[in-house]
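Chain by chain, the residues run as shown.
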Amino acid sequence: MNPMKRIITTFTIALHARISHSFQIVPQNIFPRALSQNRSLQTGSLLNHLSVPSLLLPSKNCIGNIRSNSNSNNNNGYIVSGSTSVLYSSSTEMEKSIQEQTNGPRRSTRKRINSKAPENKHNNKDSKTIESGGTSEKSKVTSTETAEENEVSSNKSNKQNPEEKKKRTSNAATSAAKKPKKAKVEPQRITERDELKRLWDAEEALKKHGSYTFRIMSWNVAGLRALVRKQPNALSDLATRHNIDVLCLQETKLQNDHVTDPKLKLKGHLLEEQGYDSHWSCSTAKKGYSGTAVFIKRREITAVNQVEPNNSSKTSEKKQATLGAFFDASSKNKKKHNSGSTDDATSHGDNCHVKNLVPLQISHAMGKQEHDSEGRIISMDFPLFTLANVYVPNSGQNLERLSYRTNQWDKDLLEFMRQKEEERGVPVIWLGDLNVAHKAYDCWNDGAKHLEKQAGTTKEEKESFQMQLDVEGGAYIDAFRHLYPDAKGHYTYWSQRAGNRAPNKGLRLDYFICSKRLFEDTKDAKVLVRDSYMIPEQEGSDHCPVVLELEIRNHVTS
């Protein structure tokens, strides 16, 4: 087809498109059979005839039914369907128009006229003649006016764009002024350890008042077999150097068979020469998991009632050697246990005082099967207080045990300790790895976003821990933070994987939680909390040992 005719056809389509909404004209010579038989052609037959993909054709409503219209006044060889029409000179032209509708409008019609259109033989620039099938119709379409209208409309839109941009900019500035951006809060970074002055002098207290300093040590060993294999003297050195009365371990990761295995040399061997009796609680729910142990200094002639882990009513009485026999048994034992420390028999004054240092009963259960099967608690009923070695469940890497820990374990532990205090009438202390960094100073980078979803630093764990302290108007106290409220950089856990120990990027997860009356220094007070501190230089685990010092006054008799 002549390029000029194609251009004229395009402008004709554009002009008719301005007037009508839906239309269709098909050349009569495309479907002679359909026209002669005066029947409709559906969309499918149109597709087959033109061999054009359906994606490129107008919708059914646009194509409609193509009917014969030979009796109409339209004698130019076109069939009209609908109230208005678009002219197609041939099937090729229809294909081309459909493709243009799919691919988008042409960039510049005016440019194509100037560049490609040949000169009109009749020198008529304002009118074009359309010929089709031997018949011709002169349809005067002012191409110049159409192009000018397009140009005017495009100029208007170009003029409006800068104004719209200014409005958008001003609106954005106004909204920014109304809603100021929140200042980015940087997390704290406390890695320097404050130097703390010791609050209690045990030797001076013994000389002046005859008070005995009872020391309790807690340590999460992260696997006792590994510690004993790598550092076989670690526990004995700690117990001797710090003159420990009760040593509490968490996360031993032992089974009952390991405790009595002669090859491992644990029960009856570990700290036996240093004069300690051991008690073990192992997980039966999962192998190599959790577990607690306590080592109590051997001193007294009284019988100790030990409650078995299965909570049976049977008790086993273990007769201990008399105090005199213990220290006078041999010169070798005297050198080890009676070497001038404040723990000597003569330093206690009388047997009534010494009896206060021996537990009356030891249990390995809280009384709830869902907790007790994991070996997480050993409680010791001393005459003047109750001591519980506790390993609180970790909420898990994906916080899968967060609900169990906060909604069950924490509440049941609190109820257990309150019941002990009420039944026995003496203050209670629970200690160990409590798996929570409670205050801002208990975490080296408090405020970091990832801490909200990290076990031990979640909002739920902190609130649950605070709930335990606040019960009955603040019945229980975190000993270290009470004694050193502003101490910074004192942590008990460091990630070994991240290498955080050397730069002191740690958390304080290990605690001594004490009854409030243990801090009330009155005339009638029998036991008082005097000091608490960490031993960060002790290696062998990702935790370090922590110590609590209690003053047991000399005038006390059980």
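Our subject is the structure that appears above.
This write-up is about the structure you can find in this document. (Residues numbered from 1 in each chain as written. Predicted model: local features only at pLDDT ≥ 70, side-chain atom pairs only at ≥ 80, totals over all residues. Heavy atoms only, no water.)

Our next topic: the sheet that holds strand S6 (residues 246-250). The strand order across the open sheet formed by 6 strands is S7-S8-S6-S5-S20-S19, and the pairing between neighbours is mixed. In this open sheet, the two strands that pair with only one neighbour each are strand S7 (276-281) and strand S19 (527-534). For this sheet the average axis-to-axis angle between neighbouring strands, irrespective of direction, equals 15°. Here strand S5 (residues 212-220) pairs with S6 via 5 bridges, running parallel. Pairing of serine 218 across the sheet is with cysteine 248, part of S6. In the packing of helix H10 (residues 234-241) onto the sheet, contacts are made with S5, S6 and S7, and the angle to S5 comes to roughly 155°. (Pairing = 2+ DSSP bridges. Helix = DSSP H or I, 4+ residues; strand = E, 2+ residues; numbered from the N terminus. Axes fitted to C-alpha atoms, helices over the stretch in contact; angles between N-to-C directions. Contact = heavy atoms within 4.5 Å.)

Within strand S18 (residues 510-515), 6 of the 6 residues are buried, which leaves it mostly tucked inside the rest of the structure. With 5 bridges joining them, strand S14 (residues 428-433) and S18 adopt antiparallel strand pairing. Across the sheet, residue tryptophan 430 finds its bridge partner in S18, namely isoleucine 513. Sheet topology note: the strand S15 (residues 476-478)/S18 ladder contains 3 bridges and is antiparallel. In the sheet register, aspartate 478 faces S18, and the bridge partner there is isoleucine 513. (Buried < 20%, exposed > 50% of the residue type's maximum accessible area, 1.4 Å probe, protein only.)

With respect to the helices, strands and loops of the structure, glutamate 460 is situated in helix H17 (residues 459-474). Glutamate 460 sits in the partly exposed class, given a relative accessible area of 41%. For glutamate 460 and arginine 405, which are 55 residues apart along the polypeptide, the C-alpha to C-alpha distance reads 9.7 Å. If we ignore the near neighbours within four places in the chain, the residues touching glutamate 460 are Leu402 and Thr406.

Here the focus is the nonpolar core. A general trend in soluble globular proteins is that nonpolar side chains are found buried together. Phe214 and Ile216 are the most contacted members of the largest nonpolar core, which has 39 residues in total. Element by element, the count of residues in this core is highest for strand S20 (residues 546-552), at 4 residues. In contact with isoleucine 216, not counting residues within four places along its chain, are Val246, Cys248, Leu387, Leu431, Phe512, Val546, Val547, Leu548 and Leu550. The next biggest cluster of nonpolar side chains, apart from the first, holds 26 residues, and it includes Met217, Leu235, Trp280 and Val547. (Core = buried A, V, L, I, M, F, W, Y, C linked by side-chain atoms within 4.5 Å.)

Before going further, it helps to spend a moment on unusual backbone geometry. Unusually for a residue other than glycine, serine 290 sits at a positive phi of about 55°. If you trace the backbone, serine 290 turns up in the loop between S7 and strand S8 (292-297). With relative accessibility at 3%, the residue serine 290 sits in the buried group. A positive phi angle, near 60°, is found at asparagine 504, a position not held by glycine. Turning to its location among the elements, asparagine 504 is positioned in the loop between strand S16 (493-494) and strand S17 (506-507). Residue asparagine 504 is classed as buried on the basis of its relative accessible area of 5%.

So, about helix H16 (residues 402-424). In a regular helix each residue adds 1.5 Å, so 23 residues correspond to 33 Å; H16 covers 32 Å between its end C-alpha atoms and thus fits that length. Two residues or fewer past H16, glycine 425 is found with a positive phi of approximately 75°. (Expected span 1.5 Å × (residues − 1).)

Below, the discussion takes up H17. For H17, built from 16 residues, the straight-helix expectation of 22 Å at 1.5 Å per residue is missed by more than 12%, its first-to-last C-alpha distance being only 20 Å. Helix geometry: H17 is bent most strongly at glutamine 468, by close to 35°. Three or more residues of H17 are buried, namely Glu461, Ser464, Phe465, Gln468, Leu469, Val471 and Gly474. (Bend = angle between axes of the 7 residues up to and from the residue.)

On inspection of all chains with the given rule, the structure shows 23 salt bridges. Notably, a salt bridge pairs aspartate 245 with arginine 299, separated by 1.9 Å at the nearest N-O pair. Note that aspartate 245 is positioned in the loop between H10 and S6 and arginine 299 in the loop between S8 and strand S9 (304-307), a separation of 54 residues in sequence. There is no split in this pair, since aspartate 245 and arginine 299 are both buried. Residue arginine 401 is joined to glutamate 374 by a salt bridge in which the shortest nitrogen-to-oxygen separation is 3.1 Å. Of this pair, arginine 401 sits in the loop between strand S13 (386-391) and H16 while glutamate 374 sits in the loop between helix H15 (369-372) and strand S12 (377-381), placing them 27 residues apart in sequence. One continuous salt-bridge network, built from bridges that share partners, spans Arg198, Arg215, Asp531 and Glu549. (Salt bridge = Lys/Arg side-chain N within 4 Å of Asp/Glu carboxyl O.)

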